[in-house]
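Next come the chains, spelled out residue by residue.
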Amino acid sequence: MPANPFNGFTDYGIGIGLRVPHYRHILAEHPVVDWFEIISENFMVDGGRPLEVLDQILEQYSVVQHGVAMYFGSADRLNREHLKRLKRLVKRTGTPWLSDHLCWGSVDGRYTHDLLPMPYTFAAAKVTAERIRQARDFLEVPICVENVSSYAEYHVSEMTEWEFLSEVVEQADCGILLDVNNIYVSAQNHGFDPYAYLDNIPHGRVGQIHIAGHSKFEKYILDTHDHPVLDPVWEMYAHVIKKTGPTATLLEWDDRIPSFEEVHREALKARRFLPSDNKGKRTS
Amino acid sequence: MSSVRSQAELKEFQRQMAGLLFQPLNTAWKTRKKTPGGDDIAAMAASLIKPNDRLSSFERLQIYNRCYWFRVLDSLYDDFPGLLALLGNRKFLKLVTAYLIRHPSESFTLRNLGSRLENFLLAEPEYAGERQQAALDMVRFEWAQIVAFDGPARKPVSAREIQGQHPESLRFGLQPYLTLLALDHAVDHYLLAVKSDETAGLRSAASNTSEKTPIQKSTRRPAAPKKERVYLAVHRYENALFYKRLEPEAFVLLTALKTGLTLESACNKALKLAKPTRKNSAAFQLKLAEWFADWSSLGWLTPYTSDKPKKTKTIL
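Residues numbered from 1 in each chain as written. Chains lettered and ligands numbered in written order. Predicted model: local features only at pLDDT ≥ 70, side-chain atom pairs only at ≥ 80, totals over all residues. Heavy atoms only, no water.

Q: Any details on the overall build of chain A? Residues and values, ideally.
A: Each helix and strand counted, chain A has 10 helices and 13 strands in total. Against the globule reference of 19 Å for 284 residues, chain A gives a C-alpha radius of gyration of 18 Å, in line with a compact fold. With respect to the three principal axes, the spread of C-alpha positions in chain A is 50 × 40 × 35 Å. Classification of the 284 residues of chain A by burial places 67% in the buried group. Intrachain contacts of chain A at a sequence separation of at least 6 include 80% that bridge at least 24 residues. (Helix = DSSP H or I, 4+ residues; strand = E, 2+ residues; numbered from the N terminus. Rg over C-alpha atoms; globule rule 2.2 N^0.38 Å. Buried < 20%, exposed > 50% of the residue type's maximum accessible area, 1.4 Å probe, protein only. Contact = heavy atoms within 4.5 Å.)

Q: Describe the packing of aromatic side chains, with residues and values.
A: Any aromatic ring pair is given by two values, namely how distant the centres are and how the planes are angled relative to each other. Residues and elements named next belong to chain B. Within this structure, the stated rule accounts for 27 aromatic pairs over all chains. For the ring pair Phe-22 and Tyr-68, a centre distance of 4.9 Å and an interplane angle of 65° mean the geometry is edge-to-face. Separated by 46 residues along the polypeptide, Phe-22 in the loop between helix H1 (7-21) and helix H2 (41-48) and Tyr-68 in helix H3 (residues 57-79) bring together distant segments of the chain. For the pair shown, Phe-22 and Tyr-68 are each scored as buried. Ring geometry for Trp-291 versus Trp-295: centroids 6.0 Å apart, planes at 15°, classification stacked. Here Trp-291 and its partner Trp-295 are both found in helix H12 (residues 281-297), four residues apart, which amounts to about one turn of the helix. Like Trp-295, Trp-291 is buried. (Phe/Tyr/Trp six-rings, centres within 6.5 Å; stacked < 30°, edge-to-face > 60°.)

Q: Could you give an account of the packing of helix H11 (residues 263-274) of chain B against H12(B), naming the residues involved and the relevant values?
A: All names here are of chain B. The contact between H11 and H12 brings their axes to 12 Å, and the two run at 130°. Considering the angle they form, H11 stands oblique to H12. In the crossing of H11 with H12, the sense of the turn from one axis to the other is right-handed. For the pair formed by H11 and H12, the contact residues are Leu-263, Cys-267, Ala-270, Leu-271 and Ala-274 on the first element and Phe-284, Leu-288 and Phe-292 on the second. Grouping the constituent residues of the contact of H11 with H12 by class yields eight nonpolar, no polar and no charged. (Axes fitted to C-alpha atoms, helices over the stretch in contact; angles between N-to-C directions. Parallel < 35°, antiparallel > 145°, perpendicular 65-115°, else oblique. Left-handed = near helix turned anticlockwise from the far one by under 90°. Nonpolar A, V, L, I, M, F, W, Y, C, P; charged D, E, K, R; others polar.)

Q: Go over the layout of surface pockets with me, naming the residues and quoting the values.
A: All names here are of chain B. If you add up the space inside the second largest pocket, you get close to 410 Å³. Around the second largest pocket sit 16 residues that line it, and Leu-25, Asn-26, Thr-27, Leu-93 and Thr-97 are the ones nearest its centre. When residues of the lining of the second largest pocket are traced back to their parent elements, those giving at least two are H3 and helix H5 (89-102). Considering each element in turn, the lining of the second largest pocket owes the most residues, seven residues, to H5. (1 Å grid on protein atoms, 1.4 Å probe; cavity = no way out; pocket = protein on both sides within 12 Å on 5 of 7 lines; lining within 4 Å. Points joined across faces, edges and corners; volume = space filled by probe spheres on them.)

Q: Describe in detail the pattern of salt bridges, supporting the description with residues and values.
A: Under the criterion given, the structure shown has 31 salt bridges over all chains. One salt bridge connects A:Asp114 with B:Arg71, and the closest N-O pair in it is separated by 3.6 Å. Residue A:Asp114 is found in strand E7 (residues 110-116), and its partner B:Arg71 is found in helix H3; the two belong to separate chains. Looking at A:Asp114, the relative accessible area reads 2%, which means it is buried. Judged by its relative accessible area of 13%, B:Arg71 is buried. The salt bridge involving B:Arg111 is made with B:Asp150; its shortest N-O contact spans 2.8 Å. (Salt bridge = Lys/Arg side-chain N within 4 Å of Asp/Glu carboxyl O.)

Q: Pulling in residues and values, what's your account of the side chain of B:Thr109?
A: Relative to the elements of secondary structure, B:Thr109 occurs in the loop between H5 and helix H6 (117-123). For B:Thr109, the side chain forms a polar contact with the main-chain nitrogen of B:Arg111, separated by 3.0 Å. (Polar contact = N/O pair within 3.5 Å; in protein donor to acceptor, adjacent residues only side chain to side chain.)

Q: Can you tell me about the environment of A:Gln188, naming the residues and giving the values?
A: Mapping A:Gln188 onto the fold places it in helix H7 (residues 180-190). The sequence separation of A:Gln188 and A:Tyr151 amounts to 37 residues, and the corresponding C-alpha distance is 9.5 Å. Beyond its immediate sequence surroundings of up to four residues, A:Gln188 is in contact with A:Ile221 and B:Arg54.

Q: Break down the interface of chain B and chain A for me, with residues and values.
A: Taken together, the 63 residues of chain B in the interface contact 73 residues of chain A. Between chain B and chain A, the buried area comes to about 6,200 Å², and carbon and sulfur atoms account for 60% of it. Summed over the shared surface of chain B and chain A, the result is seven salt bridges. One salt bridge in this structure joins B:Arg60 and A:Glu153, with 3.4 Å as the shortest N-O distance. Counting across the interface, chain B meets chain A through 25 residue pairs in polar contact (both at pLDDT 80 or more). For the side of chain B that touches chain A, the secondary-structure elements that each account for two or more residues are H1, H2, H3, helix H7 (132-150) and strand E6 (314-315) of chain B. Tallying contributions element by element places H1(B) first for the side of chain B that touches chain A, with nine residues. (Buried area = accessible area lost by both parts, 1.4 Å probe.)

Q: Just give me the short version of the sheet that holds strand E3 (residues 227-237) of chain B, but keep the residues and values in it.
A: In a beta sheet, neighbouring strands pair by backbone hydrogen bonds and run either parallel or antiparallel. Residues and elements named next belong to chain B. Here three strands make up an open sheet; going across it, the order is E2-E3-E4 and the pairing antiparallel. The outermost strands of the open sheet, each flanked by one partner alone, are strand E2 (179-185) and strand E4 (240-245). Between one strand axis and the next, the sheet turns through 30° on average, direction left out of account. Bridge count for E3 against E4 is six bridges, and the pairing is antiparallel. Residue pairing across strands places Ala-233 opposite Lys-244, the latter belonging to E4. Against the sheet, helix H9 (residues 187-194) contacts E2, E3 and E4, and its axis sits at roughly 140° relative to E4. Of the strands in this sheet, E2 and E3 touch helix H10 (residues 248-258), which is tilted by about 140° from E2. (Pairing = 2+ DSSP bridges.)

Q: Describe the sheet that holds strand E2 (residues 36-39) of chain A, listing the residues and the values that go with them.
A: Residues and elements named next belong to chain A. If you trace the eight strands once around the closed barrel, you get E1-E2-E3-E5-E8-E9-E10-E13, paired in parallel fashion. Pairs of neighbouring strands in the sheet enclose a mean axial angle of 30°, with direction left out of account. Alignment of E2 against strand E3 (residues 63-66), held across four bridges, turns out to be parallel. Residue pairing in the sheet places Glu-37 in a bridge with Val-64 of E3. Packed onto the sheet, helix H9 (residues 231-244) meets strand E9 (175-179), strand E10 (206-212) and strand E13 (249-252) and runs at close to 170° relative to E10.

Q: Talk me through a positive patch on the surface; I want residue IDs and the actual numbers.
A: All names here are of chain B. Taken together, the side chains of Arg-90, Lys-91, Lys-94 and Arg-221 make up a positively charged region of the molecular surface. In this fold, Arg-90 is placed in helix H5. By relative accessible area, Arg-90 is classed as exposed at 65%. (Patch = residues over 30% accessible without salt bridge, like charges linked within 9 Å, V, L, I, M, F, W, Y side chains within 5 Å. Areas by Shrake-Rupley, 256 points an atom, 1.4 Å probe, with all protein chains shown as cover. Lys, Arg positive; Asp, Glu negative; His and termini not counted. Charge placed at Lys NZ, Arg CZ, Asp CG, Glu CD.)

Q: Talk me through unusual backbone geometry; I want residue IDs and the actual numbers.
A: Residues and elements named next belong to chain A. Backbone geometry places Phe-9, a non-glycine residue, at a positive phi of 55°. Position of Phe-9 among the secondary structure elements: in the segment before strand E1 (14-17). For Asp-173, which is not a glycine, the phi torsion comes out positive at approximately 50°. Tracing the chain through its elements places Asp-173 in the loop between helix H6 (161-172) and E9. Overall, Asp-173 belongs to the partly exposed group, its relative accessible area being 39%.

What follows is the structure in structure tokens.
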């Protein structure tokens with residue numbers, strides 16, 4: 001199952017997010033890494049240092065694009081300028097698939113710059129799926145949507161989050177970027193069984209997996225990406241790998257970022273849960 | 001709101017949620033009890049958000065309300081460290097909060113968040129207190145650096161392209177990432193004294209949460225910038241950010257070229273300002289040659305084009 005239409009029939013291994021504090025090390029030392037995930041919006045610029053760094057990375061590494069501002073779940077029309085910039089970047093990186101979040105974040109052209117949870121209704125699923133289809137048709141690259149962590153649920157919801165995710169990806173015929181940490185965080189915040197989530201999604205559509213750390217507060221958990229991956233999240237990762245097969249996996253570490261080696265070492269812990277013949281495998 | 005059963009209802013739902021998220025925090029960085037119009041925020045939150053066994057609807061809203069403000073404020077703190085140092089934290093926070101209430105982000109990227117700050121400050125100068133003019137100079141200077149960092153570049157003009165052309169008809173463009181500034185304060189020297197972290201410039205986080213209040217950042221506060229007329233070119237060279245002081249005549253010449261004047265007309269403007277005597281005329285000619293050699297080596301001069309802005313379109 002690792003190579004499927006939703007990740008461009010690739011078999012990527014374990015990657016890490018490309019982050020500014022690591023640029024110097026990566027460009028000077030050329031460490032062996034299966035692949036890097038970039039935040040698309042950081043490189044949807046017209047010129048300068050960001051694109052210079054990206055081109056240097058692309059000379060040696062495979063890169064997958066991950067977006068934070070497409071807002072598939074917003075009721076606004078898709079922004080053509082955004083899509084055009086994104087498509088230019090897709091051509092530059094040759095990303096075999098791209099991902100963004102199953103959320104909303106803008107309305108009437110005003111942006112919250114947040115990944116806000118959707119109202120889980122059939123109408124919202126239909127709108128979201130339609131926008132994913134439109135984006136994919138324009139960008140001409142497979143799309144995976146990522147489940148977000150959340151701290152609120154709405155009265156209007158008509159189904160569970162995993163039912164909503166399944167509804168959207170089936171209607172849009174797109175892939176899933178399954179963020180295991182986000183499921184754990186949301187499960188703790190809302191009191192659902194994270195394994196019910198993992199067991200009740202279309203596993204054949206999982207094109208990529210995210211893992212990350214989080215922070216515990218008195219009454220809730222925040223998805224802060226500033227810690228190593230916690231044991232319950234690794235256990236969920238092991239569970240989902242049994243369902244999906246070895247799948248492109250990426251560690252996110254966005255705040256209090258330690259050395260490149262430490263981040264990479266943390267990511268490679270995922271190998272413990274992969275079948276032995278997949279531990280070093282990567283084709284594209 | 002009782003249902004989301006259509007795209008129109010989804011939009012209305014999102015409008016209501018965004019209206020709550022954009023509500024400014026109180027001085028303790030918490031969600032306010034009432035909107036400026038007197039509406040009860042807890043009641044509004046309860047109509048949209050479910051409570052759970054640990055958090056009320058209001059408390060769940062507060063998580064997002066705080067994250068929104070921390071994120072956008074953080075972005076402006078990062079982009080305008082000189083303005084922060086100039087105004088001090090209290091005034092800066094008041095200014096950028098008012099700015100964000102008036103001008104919420106209209107771009108997919110936080111990079112553009114401060115694009116309207118200059119105009120806001122021009123319209124509402126009282127937010128800068130006694131340092132209005134210095135604050136305006138600093139905002140212009142810091143925004144120019146954002147443009148220089150990742151603005152578009154054109155291919156510099158080649159000698160072959162201008163060979164045989166006459167100064168009376170020859171026009172140049174300037175690199176779009178180059179900003180020319182005529183300021184009344186030495187904000188360049190001031191910012192050098194403030195800045196210590198040069199790694200800023202890219203936002204790389206994919207996490208949507210932040211629990212750090214912007215005031216946790218510390219910034220050096222040197223003495224006020226010296227009042228003096230300063231002409232600056234803010235640009236990049238080999239993708240590193242630079243700012244360069246210009247002589248007044250050089251500034252006039254470049255500005256004239258940027259507005260589309262011919263080389264001859266632009267040089268005449270500079271010449272008029274320099275008022276060279278017969279004695280130092282040769283020296284001015286030499287200076288002109290040096291400037292053009294310098295600007296060419298920096299790649300500032302591009303083939304002339306008349307730009308017309310494009311409109312953003314939506315699809316569906």
